[in-house]
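Each chain, written out:
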Amino acid sequence: MSQTDQKKGYAYEADGDVYYRARKFARYGELSNKKVDELEQGASQHVADEETARKEDPIDFALWKAAKPGEISWDSPWGAGRPGWHIECSVMSTTLLGKTIDIHGGGQDLEFPHHENEIAQSEAETGQKFVNYWMHNGFVTIGEDDEKMSKSLGNFITVHDIVKTVDPQVLRFLMASTQYRRPIRYSEAGLKEAERNLERLKIARDAVSYRLKNAAAGTDAALEAKLNGLENDFVAAMDDDINVQNGLAVVYELAKLMNETAAANTVAQTTLQHMLAKQAAWLAIFGIAFKQDLLDADVEALIKARNDARAAKDFAKSDEIRDELQAQGILLEDTAQGTRWRRK
Ligand SMILES: [Zn+2]
C-alpha cells in the first residue's frame, strides 16, 4: 500500500483508516471464483459495525487501521496506526521475493478473502502479475464425518503423540498419499494401510537388493524399456498438479516389476541397480527413505562388541548396543550357548 494507490484511485482514507476499493480491481473474486455482486449481497447482510460504516462499499477491505487508544502503532501519512493483515503478506513477499512470485501456498480457508485481497492490492501497486501458481492445501480431517482437525474443535492429535507409537515415515507416507488440494483423512486404519503399503515397497526393494549378489553383469534391454515407460508415467502424473494417487500407482507397478524380476532365473546387475535407484528417487519425493538395513556381518560384529562389553562389566555400553540393534529391528536373545538374534 502506498500513497500511489490512493492516487491511482484504489485506496481511500476514512477517519485515519485506509480502505481498498475492491470493485475498482477488475479481477476481484477471480481466484476464489466469486462474483462481486454476490459478495456485495453477503456483506450487506452483516450487521453494520463501525468499520463498515466508514467504508464506501461493504466489500472494501482495510489496508491500514487507525490506532485505538493504547494500541501499538506506527506513524504514517494517515496518522498513527497499524497495517491491515492482508497487506503484511504483500509487503513481505514483494520485498523479499520480487513483484511476481512463482508459487504461493496456503490453506484453502485463506483463498478468500486473504489471497484475493493480496492479489488486488499487490497488482494495483506493481501493475504486474502477483503469483503464477496458487497452491491451496486441504485440511486434515478426522472421524467418520471427515471433520476438520482443529485446535478449537479439540479433535486433534499431535504429530508428537503419533510418532511415539508409529514410524514417522508411515505418518509421512499417509499424508503424502493424498493430493495436496484434497482433505487428508487421518485414521488408525489409514495409518495401518500406509504401513502395509510401505512394507510392500520395502519387500520389493529387499528382493532386488538380495538378487544383486548373484546377478550377471550388464543390462536387460526389455526391462530397461519398461523402466523408462514407468518413469514417463510417473513424471506425467506428478506434473499433473502433483497427482500423487496416479504417481503412487506407478510406484506400485515398479514394485511389482521388481518382485517379478527378483524371481527370474537370470538377472542383469545394472538393471537391478537402476530399479533400486528409481524406487529410491521416486520415494524421496514423498519424503520416504528406507533405512539401509544392517548386513548380517554388521549385526554379528555389534553382538561381539556387546559381549566384549559385558565381559568387561561395561553394562552401560552393552545396553547401548542392544538398544541400537533393537532400533534397527534386530532382537537379541541370550542363551546358554551364546547370543541368538533375529530380525523383527
Ligand atoms: Zn498471507
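Heads up: the structure comes first, above all this text.
Given the structure is predicted, the values throughout are model-derived calculations rather than measurements. (Residues numbered from 1 in each chain as written. Predicted model: local features only at pLDDT ≥ 70, side-chain atom pairs only at ≥ 80, totals over all residues. Heavy atoms only, no water.)

Asker: Is there a simple way to think about unusual backbone geometry in this case?
Answerer: Trans peptide bonds make up the majority, and among non-glycine residues the majority have a negative phi. Residues Phe112 and Pro113 are joined by a peptide bond in cis, for which omega reads 0°. Relative to the elements of secondary structure, Pro113 occurs in helix 5 (residues 111-126). Even without a glycine there, the phi angle at Ile242 is positive, about 55°. Among the structural elements, Ile242 can be located in the loop between helix 9 (221-239) and helix 10 (244-262). (Helix = DSSP H or I, 4+ residues; strand = E, 2+ residues; numbered from the N terminus.)

Asker: Can you help me understand the coordination of the zinc ion in this one?
Answerer: Angles at a metal have ideal values that depend on geometry: 109.5 degrees with four tetrahedral donors, 90 or 180 degrees with six octahedral donors. The protein atoms that coordinate the zinc ion are Cys89 (SG), His114 (NE2) and Glu118 (OE), at distances of 2.1 to 2.5 Å. Each donor residue of the zinc ion lies on one chain, and together they are spaced C-x24-H-x3-E. Taken together, the residues span a long stretch of sequence, with Cys89 in helix 4 (residues 85-97) and His114 in helix 5 at a distance of 25 residues. With relative accessibility at 26%, the residue Cys89 sits in the partly exposed group. Note on His114: relative accessible area 3%, which makes it buried. (Donors = N, O, S within 2.8 Å, 3.2 Å for Na, K, Ca; no water. Buried < 20%, exposed > 50% of the residue type's maximum accessible area, 1.4 Å probe, protein only.)

Asker: Would you take a moment to explain the nonpolar core for this structure?
Answerer: It is characteristic of soluble globular proteins that their nonpolar side chains tend to be buried jointly. The biggest cluster of nonpolar side chains holds 40 residues, and the ones touching the most others in it are Phe173, Leu191, Leu201 and Phe286. Taken together, the elements giving at least two residues each to this core come down to helix 7 (168-176), helix 8 (188-211), helix 9, helix 10 and helix 11 (269-285). Ranked by the residues each element gives to this core, the list is headed by helix 10, at 10 residues. If near-sequence neighbours (up to four positions away) are discounted, Phe173 is found in contact with Ala194, Asn197, Leu198, Leu201, Leu248, Tyr252, Leu283 and Ile288. Residues Val18, Tyr20, Ala124 and Val131 belong to the second largest nonpolar core, which totals 23 residues. (Core = buried A, V, L, I, M, F, W, Y, C linked by side-chain atoms within 4.5 Å. Contact = heavy atoms within 4.5 Å.)

Asker: Looking at this model, I keep getting lost on the sheet that holds strand 3 (residues 61-66). Mind explaining?
Answerer: Hydrogen bonds between backbone groups are what pair the strands of a sheet, and the pairing can be parallel or antiparallel. Read from one edge to the other, the open sheet built from 4 strands follows the order 1-2-3-4, with strand pairing classed as antiparallel. Since the sheet does not close on itself, it has two edges, and those belong to strand 1 (11-14) and strand 4 (81-83), each with one partner. Here the average twist between neighbouring strands, direction ignored, is 25°. Pairing between strand 3 and strand 4: 3 bridges, direction antiparallel. Considered in strand 4, the bridge of Trp64 is made with Pro83. (Pairing = 2+ DSSP bridges. Axes fitted to C-alpha atoms, helices over the stretch in contact; angles between N-to-C directions.)

Asker: In this structure, what is going on with helix 11? I would like to understand it.
Answerer: Residues spaced three or four apart along an α-helix face the same direction, because each turn holds 3.6 residues. Its 17 residues give helix 11 an end-to-end C-alpha distance of 25 Å, which sits within 8% of 24 Å, the value for a rise of 1.5 Å per residue. Among all positions in helix 11, only Thr271, Leu272, Met275, Leu276, Lys278, Gln279, Trp282 and Leu283 are buried. Mapping the buried residues of helix 11 onto a view down its axis gives an arc of 160°, with all of them on the same face. On the buried face of helix 11, the contacting elements are helix 7, helix 8, helix 9 and helix 10. Positive phi shows up at Gly287, right after helix 11, with a value of about 80°. (Expected span 1.5 Å × (residues − 1). Arc of directions from axis to C-beta.)

Asker: Whenever I open this one, the environment of Leu96 confuses me. Can you help?
Answerer: With respect to the element layout, Leu96 can be found in helix 4. We classify Leu96 as exposed; its relative accessible area is 70%. Along the chain, Leu96 and Ala289 lie 193 residues apart, while their C-alpha atoms are 33 Å from each other.

Asker: Looking at this structure, I do not really get the packing of helix 4 against helix 5. What am I missing?
Answerer: Helix-helix packing: each pair is described by the crossing angle between the helix axes and the interaxial distance. In contact at an axis separation of 9 Å, helix 4 and helix 5 are set at 55° when each is read in the N-to-C sense. In terms of their interaxial angle, helix 4 and helix 5 are classed as oblique. By crossing handedness, the relation of helix 4 to helix 5 is classed as right-handed. Seen from helix 4, the contacting residues are Trp85, His86, Ile87, Cys89 and Ser90; seen from helix 5, they are Pro113, His114, Asn117, Glu118, Gln121 and Ser122. (Parallel < 35°, antiparallel > 145°, perpendicular 65-115°, else oblique. Left-handed = near helix turned anticlockwise from the far one by under 90°.)

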